[in-house]
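# Residue-level structure breakdown
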Amino acid sequence: MIAFLDLKQQYASIAPDIEAAVLNVLRSGRYVLGEEVAAFETEFAAACGVRHAIAVNTGTSALHLALLAAGVTAGDEVITTPFTFIATAAAIRYIGARPVFVDIDPATFTIDPARIERAITPRTRAIVPVHLYGQMANMDAIMAIATRHGLAVVEDACQAHGSRQHGRSAGSIGLSGCFSFYPGKNLGACGEGGMAVTNDDEQARLIRMLRDWGQDRRYHHVMEGYNYRMDAIQGAALRVKLRQLESWTEARRARAQLYGRLLANSPVEPPSEAPCNRHVWHIFAVRTAHRDQLQKYLAREGVETGLHYPVPVHLQPAYADLGHRPGDFPTSEAAADSVLSLPIYPELSLRAVETVCALVGQDAYVS
Ligand SMILES: *Cc1c(COP(=O)(O)O)cnc(C)c1O
């Protein structure tokens, strides 16, 4: 069996360090925020090349707070992509703002900057590009549009830890950037976690207050805040894992490169990396017109795969009230119908990659 993801293998490779770090927290009596979380913030900010990192309980919370700090309020419009995990749109809706979708570039699966300006109205307040699968959206083009129209840019970097574009880190280019440490992400906690990063002192101050009940000092609540603090155990575990992130990313890149080479003349279309990007391959999604058959065939052969994502956000029943219909964002809908995520993680053997490619190349699933 080739698993889609095997977190036990990753744990085994660093178990003594994680266990020592977590035990240290258990014995410290300090379980929320504290020194470990503060140290993780400093180290994560350095890894991203930003001034500030504010640790929170989930990536969704990071997005929610970054949008609030950017001044998004109820009734505002926020431009984003429909081809993303539901959390991107949910964070916008938590504020009572409206997600305004813009279709994707089929080559990178990220928001198509050429379509953004048409979606801007007097109510538009922000743009949330999503660095989907680990590859950054075209930030030069997005920042130019945002500057021209006075819009905030909040990067959804929840799948893009360590990703870069023209040498600049994901999360460091917009007003702020948001990361998730959900266990399956490239940098995953032993539970839930998230981070907002920014170079803007005022954004950092606001996000820091908002995550901890809007206090400027204890029991003095200057704004309505949230309980979005990071647990000390997660901060301690994430510090250990952050030290491995670069080598894990390089291992993902090596597996993606092998996949790309072996699938070059196969019946499926392998994903591409834009020349200016350092893709970190959270997801390796191939495209095929026979997606469901290929998925079933691989399952029968013992290869687990995933779908990211089978239904674009604008067609989710949860957001039916936005009034969208099939056909509104055809490139996203075509992607949702044709993508299949193959296993990719640092511990996946190169042999397993070869096995998967041999099966994909057989064409036996096309009936
Ligand atoms: C995982 C993810 C989120 C949400 O992060 P959580 O930590 O699960 O709340 C948001 N956006 C994208 C693109 C994600 O992949």
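Here is what the cut-offs are and how they apply
- Residues numbered from 1 in each chain as written.
- Predicted model: local features only at pLDDT ≥ 70, side-chain atom pairs only at ≥ 80, totals over all residues.
- Heavy atoms only, no water.
- Near = heavy atom within 4 Å.
- Polar contact = N/O pair within 3.5 Å; in protein donor to acceptor, adjacent residues only side chain to side chain.
- Helix = DSSP H or I, 4+ residues; strand = E, 2+ residues; numbered from the N terminus.
- Nonpolar A, V, L, I, M, F, W, Y, C, P; charged D, E, K, R; others polar.
- Pairing = 2+ DSSP bridges.
- Axes fitted to C-alpha atoms, helices over the stretch in contact; angles between N-to-C directions.
- Contact = heavy atoms within 4.5 Å.
- Buried < 20%, exposed > 50% of the residue type's maximum accessible area, 1.4 Å probe, protein only.
- Patch = residues over 30% accessible without salt bridge, like charges linked within 9 Å, V, L, I, M, F, W, Y side chains within 5 Å.
- Areas by Shrake-Rupley, 256 points an atom, 1.4 Å probe, with all protein chains shown as cover.
- Salt bridge = Lys/Arg side-chain N within 4 Å of Asp/Glu carboxyl O.
- Domains from an automatic or database assignment.
- Buried area = accessible area lost by both parts, 1.4 Å probe.
- Core = buried A, V, L, I, M, F, W, Y, C linked by side-chain atoms within 4.5 Å.

### Topic: the site of the ligand
Around the ligand, the surrounding shell holds 15 residues, and the nearest of these are Gly59, Thr60, Gln159, Ser180 and Lys185. Within the backbone of glycine 59, an N or O atom sits 2.8 Å from an oxygen atom of the ligand. One of the side-chain N or O atoms of threonine 60 is found 2.5 Å from an oxygen atom in the ligand. Mapped onto the shell around the ligand, the elements with two or more residues apiece are α3 (59-69) and α4 (86-94). Its residues assigned to classes, the shell around the ligand shows five nonpolar, eight polar and two charged.

### Overview of the sheet that holds strand β4 (residues 124-128)
Reading across from one edge, β1-β9-β8-β5-β4-β2-β3 is the order of the seven strands in this open sheet, with mixed pairing throughout. Every interior strand has two partners, whereas the edge strands, β1 (52-56) and β3 (98-101), have only one. Direction aside, the axes of adjacent strands within the sheet are offset by 25 degrees on average. Judged from the four bridges that link them, strand β2 (residues 77-80) and β3 form a sheet pairing that is parallel. When the bridges of β3 are listed, valine 78 appears paired with proline 99. Of the strands in this sheet, β1, β2, β4, β5 (152-156), β8 (176-180) and β9 (194-198) touch α3, which is tilted by about 165 degrees from β8. Contacts from α4 reach β2, β3, β4 and β5 within the one sheet, and its direction differs from that of β3 by about 140 degrees.

### Things to note about the pairing of β1
The buried count for β1 comes to five of five residues, which makes it a mostly enclosed element. Neither face of β1 is exposed, since His52, Ile54 and Val56 on one face and Ala53 and Ala55 on the opposite face are all buried. As judged from the five bridges shared by β1 and β9, these two strands associate in the antiparallel manner. Within β9, the residue paired with isoleucine 54 across the bridge is alanine 196.

### Some remarks on a nonpolar patch on the surface
A contiguous nonpolar patch, built from Leu23, Leu26, Tyr31 and Val32 and spanning about 330 Å² of accessible area, is present on the exposed surface. Structurally, tyrosine 31 is set in the loop between α1 (7-28) and α2 (34-48).

### Some words on the sheet that holds strand β12 (residues 277-278)
In space, the three strands of this open sheet follow the order β7-β6-β12, with antiparallel pairing throughout. Edge positions in the sheet fall to β7 (168-169) and β12, since each of these pairs with one other strand and no more. Where strand β6 (residues 164-165) lies against β12, two bridges are found, and the strand directions are antiparallel. Bridge pairing in β12 places arginine 164 opposite arginine 278.

### What about the domain arrangement of the protein chain?
Examined at the domain level, the protein chain breaks down into domain 1 (7-102 + 109-242) and domain 2 (245-360). Each of domain 1 and domain 2 has a C-alpha centre, and the two are 24 Å apart. Opposite the 36 residues of domain 1 that make contact, domain 2 presents 36 residues. Both faces considered, domain 1 and domain 2 share a buried interface measuring about 3300 Å² in area, 58% of it formed by carbon and sulfur atoms. The interface formed by domain 1 and domain 2 holds one salt bridge in total. For arginine 93, the salt bridge identified is with aspartate 321, shortest N-O distance 3.0 Å. At the junction of domain 1 and domain 2, the tally comes to 21 residue pairs in polar contact (both at pLDDT 80 or more). Mapped onto the side of domain 1 that touches domain 2, the elements with two or more residues apiece are α1, α4, β3, β6 and α7 (232-242).

### Quick notes on the nonpolar core
Of all hydrophobic cores here, the largest spans 39 residues; its most connected members are Phe40, Phe44, Ile79, Ile116, Ile127, Phe181 and Met195. In contact with methionine 195, not counting residues within four places along its chain, are Phe40, Glu41, Phe44, Ala53, Ile54, Ala55, Val56, Ala62, Gly177, Cys178, Phe179 and Phe181. Among the nonpolar cores identified, the runner-up in size contains 27 residues, and Ile92, Ala196, Ala204 and Ile207 belong to it.

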